[in-house]
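# Working through the structure, step by step
So the chains spell out like this:
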Amino acid sequence: MKLSIIIAVYNEAATVGTLLERVWAQPLPEIAKEIVIVESNSTDGSRDIVDDFAARHSTESHARILVIHQDAPRGKGNAIRQGLAAATGEILMIQDADLEYDVADYPDLLKPIIEERAAFVLGSRHMGPNGWKIRKFAQGGLRASIMNLGGMLFHAFFNALYESRLTDPTTMYKVFRADCLDGLTLTCDRFDFDFELLGKLIRSGFMPLEIPVSYTSRGFDEGKKIRLVRDPLTWLVAIVASRFAFLPTRLATEKSRPTAHRHETS
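Residues numbered from 1 in each chain as written. Predicted model: local features only at pLDDT ≥ 70, side-chain atom pairs only at ≥ 80, totals over all residues. Heavy atoms only, no water.

### Considerations on the layout of surface pockets
Its volume calculated, the second largest pocket comes out at about 160 Å³. Lining the second largest pocket, in full, are Leu28, Pro29, Glu30, Ile31, Pro107, Asp108, Leu110, Lys111, Ile114 and Glu115. Looking at side-chain class alone, the lining of the second largest pocket contains 6 nonpolar, no polar and 4 charged residues. (1 Å grid on protein atoms, 1.4 Å probe; cavity = no way out; pocket = protein on both sides within 12 Å on 5 of 7 lines; lining within 4 Å. Points joined across faces, edges and corners; volume = space filled by probe spheres on them. Nonpolar A, V, L, I, M, F, W, Y, C, P; charged D, E, K, R; others polar.)

### Here's the deal with the packing of aromatic side chains
This structure, assessed with the given rule, holds 10 aromatic pairs. Judged by centre distance (6.2 Å) and plane angle (35°), the ring pair of Phe154 and Phe195 falls under tilted. With Phe154 in helix H5 (residues 141-162) and Phe195 in helix H6 (residues 193-203), the pair connects residues that are 41 residues apart, well separated along the chain. Between Phe195 and Trp235, the ring centres sit 6.4 Å apart and the planes meet at 55°, which makes this aromatic pair tilted. Here Trp235 lies in helix H7 (residues 231-244) and Phe195 lies in helix H6, a separation of 40 residues in the sequence. Across this residue pair, the class does not change: Phe195 and Trp235 are buried. Connected via pairs of aromatic rings, a cluster forms that spans Phe154, Phe158, Tyr162, Phe195 and Trp235. Positioned over the ring face of Phe244 is Arg243, at 5.4 Å from the centre of the ring. (Phe/Tyr/Trp six-rings, centres within 6.5 Å; stacked < 30°, edge-to-face > 60°. Helix = DSSP H or I, 4+ residues; strand = E, 2+ residues; numbered from the N terminus. Buried < 20%, exposed > 50% of the residue type's maximum accessible area, 1.4 Å probe, protein only. Lys NZ or Arg CZ within 6 Å of the ring centre and 35° of its normal.)

### Looking at the environment of Phe191
Structurally, the position occupied by Phe191 is in the loop between strand S6 (174-177) and H6. Overall, the relative accessible area of 18% leaves Phe191 in the buried class.

### Topic: the pattern of salt bridges
Inspection of every chain in the model, using the stated rule, returns 12 salt bridges. Among the ionic pairs, Arg56 bridges to Glu21, the shortest N-O distance being 2.8 Å. Note that Arg56 is positioned in helix H2 (residues 46-56) and Glu21 in helix H1 (residues 16-25), a separation of 35 residues in sequence. Exposure remark for Arg56: the relative accessible area of 43% places this residue in the partly exposed category. Glu21 sits in the partly exposed class, given a relative accessible area of 26%. Among the salt bridges present, the one from Arg177 reaches Asp179, with a minimum N-O distance of 2.9 Å. When its relative accessible area of 30% is taken as the criterion, Arg177 is described as partly exposed. (Salt bridge = Lys/Arg side-chain N within 4 Å of Asp/Glu carboxyl O.)

Put into C-alpha cells, the structure is as follows:
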C-alpha cells in the first residue's frame with residue numbers, strides 16, 4: 001500500500017525546506033511513501049529549495065518524489081487538484097508547506113484507513129484537552145479575532161447544511177482512500193477547495209473520522225495567505241454549491257451514509 005502526500009508550495013521559502021525533510025524522515029513502517037510537490041512559480045526561492053530537495057534524494061529508495069512546476073500561481077486548490085491527479089497511492093493526504101501541523105501525527109491519521117475502520121480521516125485541531133486552537137499567535141489582534149469568529153460561524157453553517165457535527169471542517173489534514181474520489185469533479189482553485197472536497201466526499205457517503213492533531217498557528221506576517229475580504233465569499237459559495245451539486249447516480253445512491261459524527265481521542 002502506498003501513501004501519496006500532496007504538498008502545494010507558493011512563497012514558502014522560510015519553511016518548505018524544513019517541512020519536506022520532516023515529511024521525508026517521518027517513519028511509515030506499514031506503507032510506502034510518495035511525495036507529490038506542486039510548486040506554483042514562487043518569487044521567494046521556494047522553487048529552488050524544492051528542486052534541491054528532490055535532487056538530493058533522487059537516488060534514494062526511501063520514497064518516490066514527484067515535482068510539478070506550475071508556470072504561475074493559480075491558488076492552493078488548483079495546485080492540490082493537479083497533485084491529486086498525478087498521485088499514484090491508494091491513500092491520499094494533503095499537507096501544507098508551512099510548519100503549523102506536525103508530521104508526527106501521520107501514523108495516527110493513517111491507522112484507521114489501514115485498519116479499514118474508515119475511508120476518510122480529518123485531523124482535528126479542536127479535539128483533546130487544549131480545545132479550540134486556530135488563532136493564538138502573539139500579533140494577531142483584530143484579524144485573529146475575526147478569523148476565530150469566522151471559523152466558528154463557517155463550521156456551524158457547514159455542519160447544519162451537511163447534517164454533520166464535525167469539530168474542524170477546515171483542517172488541512174484530510175486523508176482518504178484514492179477511490180473516494182471516483183466519479184467526483186473538483187473545480188475550486190483557492191481555499192474554497194477545502195469545503196468543496198469535504199462536502200462532496202460527505203455527499204458521496206464518506207463521513208470523516210476525526211483524529212486529534214497538534215497545531216501551532218502562524219500569523220499573517222509569517223506568510224498566512226487567507227484574505228479576509230476575498231476568501232469568505234468563495235467559502236460560502238463552495239459550501240452551498242457542493243451541497244446541491246449534481247453527483248453521479250452511483251455516488252448518490254450506492255454508498256451508504258455513515259454515522260453523522262465520529263471521532264477518536266488520543
